[in-house]
Structure formats: C-alpha cells, structure tokens
Amino acid sequence: RMLEALARQFAGRINHHLNQAGLAATPGEAHWTPRRLIFTHEAVLEAEPRREEEILGPPVRVAVAADGSFTPQALGFAAKNAMPAEGLLRVTTPKGDYVALRRQSGGRPAAELLASIIPQAFLEVEPPRAMRWTAAEEGGGLRFIRPVRWLLALWGAEVIPFTAQTRISGVKAE
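Residues numbered from 1 in each chain as written. Predicted model: local features only at pLDDT ≥ 70, side-chain atom pairs only at ≥ 80, totals over all residues. Heavy atoms only, no water.

Draft legend 1. Representation of the environment of P109 in the model. Positionally, P109 belongs in the loop between β5 (96–105) and α4 (110–124). On a C-alpha basis, the gap between P109 and S169 in space is 19 Å, while along the polypeptide they are 60 residues apart. Setting aside residues no more than four positions away along its own chain, P109 makes contact with E46 and A47. (Helix = DSSP H or I, 4+ residues; strand = E, 2+ residues; numbered from the N terminus. Contact = heavy atoms within 4.5 Å.)

So, in structure tokens, the structure goes:
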C-alpha cells in the first residue's frame, strides 16, 4: 500500500518536471515491487524544445538618452542578462515603449535534464513514515521507508549518471 502511493507520487513529480521542461506532453507510468520504485515513459523528447523569449527592460524614456545612445540603466539591463548592448531593441506594449532583448533558450539533451529531474523528483517524494538511512557525516539524511541501496536511470540503454544526496546512480548496487 505504501509503495504504491510512493511510486505514484514519484511518477507524479517526474511527470511534472518533464512537462515543465517541455520534454513530454503525456504522463509516464508508475510501477513498483516490494523493493523498487519504477517510472517508465515511452514518449520523452530527445531534447527540450528551443524557445525564443522576450525580456522587457526599462522604459525607452529612461533607457535611451536624447542623442540615441543607451543610458547606464539600459547597459545594466543588458549586462544583467549577459547580452551585448547591440542586442537591445525597442518594443511597444500597452504600457508604452520599452527596451527589450530576445534570447534563445532550450535545446539541452533530455539525458542532461533527466540527470537533474530524477533526483529532484525522488527527494520531493514525502513518505508517510520515513527514517534517515545515511550517516550524518555522509550528508546525513536520505529519508525513505527502506534503505536506498541503488539508483538507476536509463535513457534507452544509456545509464544517466546522477546523485541523490549521498547515493550515486549506476548499474551496480553499493
């Protein structure tokens, strides 16, 4: 009973993170045995979708001087977003004219994203009765209902390396 709830909670957290990253539109499935939590998904994308985002900066009246050059506010906005000042552009919004920039994001491989999504989802699972199974000197506190001896994530046949507190994923149990 408890493992079923944990497996569903684990799957729910992974599905949430996959959806947030744009890697999967449909949910994966939870499976469990007395000593294993398993998550499977048949339709995870190879990489996160590429996106272009527009980031609004200061109003043009503050960001552009009378001679047309950028003010320190505009230059600070560009620097804060790690973009050159030449990348700034003007956009008109219902609130007025603003300086903005466009940035490409996404495109990271799924295996790279899964290496952070899986341990995060595992650590977000809240067991109803849990104990700490690692020693304080090892980072102290992998909480779960049973000792965690082995973590494994596969992308096809490829092992996805990750760490959940003191446990490192791999094909061999510790």
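Draft legend 2. Structural detail: the environment of A130. Following the sequence through the fold, A130 ends up in the loop between α4 and β6 (131–132). Overall, A130 belongs to the partly exposed group, its relative accessible area being 21%. Taking C-alpha positions, A130 is 52 Å from P94, a pair spaced 36 residues apart along the chain. When neighbours within four sequence positions are excluded, A130 is seen to be in contact with R143, F144 and I145. (Buried < 20%, exposed > 50% of the residue type's maximum accessible area, 1.4 Å probe, protein only.)

Draft legend 3. Inspection of the nonpolar core at higher detail. In terms of nonpolar packing, the biggest core is built from 27 residues, with F10, L18 and L23 touching the most fellow members. Within the residue set of this core, elements represented by two or more residues are α1 (2–21) and α4. The biggest single contributor to this core is α4, with eight residues. Sequence-distant contacts of L18, defined by excluding residues within four places in its chain, comprise L23, A24, F39, H41, V44, L114 and I117. Ranked by size, the runner-up nonpolar core spans 10 residues in total, among them I55, V60, A63 and V64. (Core = buried A, V, L, I, M, F, W, Y, C linked by side-chain atoms within 4.5 Å.)

Draft legend 4. Main features of the pairing of strand β2 (residues 36–40). Relative to β2, strand β1 (residues 29–33) runs antiparallel, the two being bridged by five bridges. Counted as the bridge partner of A30 is F39 from β2. Here β1 hands over to β2 after two residues, the two strands then running antiparallel side by side. (Pairing = 2+ DSSP bridges.)

Draft legend 5. A look at the sheet that holds strand β3 (residues 51–59). Pairing is antiparallel across the open sheet formed by three strands, whose spatial order is β3-β5-β4. Whereas interior strands pair on both sides, the edge strands pair on one side only; in this sheet they are β3 and β4 (89–93). Across the sheet, the axes of successive neighbouring strands diverge by a mean angle of 45°, strand direction being ignored. Both β4 and β5 contribute to a ladder of five bridges, which runs antiparallel. Pairing of R90 across the sheet is with V99, part of β5. (Axes fitted to C-alpha atoms, helices over the stretch in contact; angles between N-to-C directions.)

Worth remembering: the numbers are spatial, not functional.
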